[in-house]
Amino acid sequence: MRITTLIVDDEPLARARIRGLLAQEKDFELVGEARDGAEAIEAVRELRPDLVFLDIQMPQVDGFGVVQAIGPANMPLTIFVTAFDEFALRAFEAHALDYLLKPFAVERFAGTLERVRQARGRELDTRLQERLEGLLESLGESSKYLERFVVRSGPKLRFVFPDEVDWMSADGNYVRLHSGGTSSLIRESMGKLETRLDPRKFVRIHRSTIVNVERIRELESVFQGEYLVVLQDGTRLSSSRAYRGRLESAMSIG
């Protein structure tokens, strides 16, 4: 079975280099290329490749941002590509499958492909999630949490930063981000999203509602342990008794 492959790099020459070397390998099939992090996120989700060569340094959304947006559990086998040794070593030490340091030799590239073959053969790719999670953790405490939301808008991908979001609500199998009077849908469950948000900045007040703590203007106690949560823009949200402890802790009550 051929190993479907995606190349992600903002440098045309770098993409051409990998493309040319892959063309000589009968067991690898190039299924797509991406010029930046936004295109990479879309391509990984749509093409579902077995392998991705992922450049680390890219504008707006870098390689680590791609991993974070896709989620370690959904990433294919990943080979990090970088021109800076400090990033390459950090990725390697975090037990990524492998990395390529630009400019790389043909022999080094061949060795990387062999590691891919062995990983596929021994099913080591089942541990990819743990390796990528370790990578994100190695980048610092803040990297455990989402740094941006990826919103699909027709053929484009738009990015919304957590600090821009006032509150979030469950919308079927999606989550709706409310920001400055506008809203956007992201493909994520409320429960999973909660684990990827910084608890110092966001608090879940209801099974279908998460609020940016800095947007809360006042709390009004209603009945049986519930609160009416009023935001800076006047939005009024109801908290449930089940989440009272979280809300009070976030607001330093008690």
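The structure under discussion appears in the preceding block.
Note that the structure is predicted; figures quoted are calculated from it, not measured.

Calculation rules
- Residues numbered from 1 in each chain as written.
- Predicted model: local features only at pLDDT ≥ 70, side-chain atom pairs only at ≥ 80, totals over all residues.
- Heavy atoms only, no water.
- Phe/Tyr/Trp six-rings, centres within 6.5 Å; stacked < 30°, edge-to-face > 60°.
- Helix = DSSP H or I, 4+ residues; strand = E, 2+ residues; numbered from the N terminus.
- Buried < 20%, exposed > 50% of the residue type's maximum accessible area, 1.4 Å probe, protein only.
- Lys NZ or Arg CZ within 6 Å of the ring centre and 35° of its normal.
- Pairing = 2+ DSSP bridges.
- Right-handed = clockwise from strand over helix to strand, strands pointing away.
- Arc of directions from axis to C-beta.
- Salt bridge = Lys/Arg side-chain N within 4 Å of Asp/Glu carboxyl O.
- Axes fitted to C-alpha atoms, helices over the stretch in contact; angles between N-to-C directions.
- Contact = heavy atoms within 4.5 Å.

Draft legend 1. Region of the structure containing the packing of aromatic side chains. Going through the model one piece at a time under the given rule, you end up with 3 aromatic pairs. When the ring of Phe 53 is compared with that of Phe 109, the centres are 5.5 Å apart and the planes differ by 20 degrees; the resulting orientation is stacked. Here Phe 53, found in strand E3 (residues 51-55), pairs with Phe 109, found in helix H5 (residues 106-121); they are 56 residues apart in sequence, far enough to count as distant. By relative accessible area, Phe 109 is classed as buried at 2%. On the basis of an interplanar angle of 20 degrees and a centroid distance of 5.7 Å, the ring pair of Phe 104 and Phe 109 is categorised as stacked. Pairwise contacts between aromatic rings join Phe 53, Phe 104 and Phe 109 into one cluster. Just above the ring of Tyr 99 sits the side chain of Arg 108; from NZ or CZ to the centre is 5.5 Å.

Draft legend 2. Quick peek at the pairing of strand E7 (residues 156-160). Where strand E6 (residues 149-153) lies against E7, 5 bridges are found, and the strand directions are antiparallel. Bridge assignment links Val 150 to a residue of E7, and that residue is Phe 159. In this antiparallel pair of consecutive strands, E6 and E7, the connection spans 2 residues, and Gly 154 shows a positive phi of 65 degrees.

Draft legend 3. Structural view of the pairing of strand E2 (residues 28-34). Here strand E1 (residues 3-8) runs beside E2; their pairing, made up of 6 bridges, is parallel. Directly across from Thr 5, in E2, lies its bridge partner Leu 30. Since E1 and E2 lie parallel, the crossover through helix H1 (residues 12-22) that links them has a hand, and here it is right-handed.

Draft legend 4. View of unusual backbone geometry. Of note, the bond from Lys 102 into Pro 103 is cis; its omega dihedral lies within 30 degrees of zero at -10 degrees. In this fold, Pro 103 is placed in the loop between strand E5 (98-101) and H5. With phi around 50 degrees, Arg 48 is a residue other than glycine that occupies positive phi space. Note on placement: Arg 48 falls in the loop between helix H2 (37-47) and E3. The exposure class of Arg 48 is exposed, given its relative accessible area of 67%. Notably, Ser 252 is not glycine yet its phi reads approximately 55 degrees, a positive angle. Tracing the chain through its elements places Ser 252 in the segment after helix H8 (244-250).

Draft legend 5. Local environment of H1. Those residues of H1 lying buried are Ala 14, Arg 15, Ile 18, Leu 21 and Leu 22. Projected down its long axis, H1 shows its buried positions confined to an angular sector of 135 degrees, all on one face. In H1, those exposed residues whose orientation departs by more than 90 degrees from the buried face are Pro 12 and Leu 13.

Draft legend 6. Summary view of the environment of Ser 249. Following the sequence through the fold, Ser 249 ends up in helix H8. Sequence separation of Ser 249 and Val 203 is 46 residues, and the distance between their C-alpha atoms is 9.3 Å.

Draft legend 7. Region of the structure containing the pattern of salt bridges. Under the counting rule described, the total for this entry stands at 16 salt bridges. Two residues, Arg 15 and Glu 33, come together in a salt bridge whose shortest N-O distance is 3.2 Å. Residue Arg 15 is found in helix H1, and its partner Glu 33 is found in strand E2; the two are separated by 18 residues along the sequence. The class for Arg 15 is buried, based on a relative accessible area of 11%. A salt bridge links Glu 194 to Arg 204, with the shortest nitrogen-to-oxygen separation between them at 3.0 Å.

Draft legend 8. Spatial organisation of the sheet that holds strand E9 (residues 174-179). Strands sit in the order E10-E9-E8-E12-E11 across an open sheet of 5 strands; the sheet is antiparallel. Edge positions in the open sheet fall to strand E10 (182-186) and strand E11 (202-206), since each of these has one partner strand only. Neighbour to neighbour, the strand axes of the sheet diverge by 25 degrees on average, direction disregarded. Bridge count for strand E8 (residues 167-171) against E9 is 5 bridges, and the pairing is antiparallel. Paired with Ser 169 across the bridge in E9 is Arg 176.

Draft legend 9. Structural detail: the environment of Ser 238. As for its placement among the helices and strands, Ser 238 is situated in strand E15 (residues 236-238). Spatially, the C-alpha atoms of Ser 238 and Leu 219 are 9.8 Å apart, while their sequence positions differ by 19 residues. Non-local contacts of Ser 238, meaning those with residues more than four positions away in its chain, are made with Ile 205, His 206, Tyr 227 and Leu 228.

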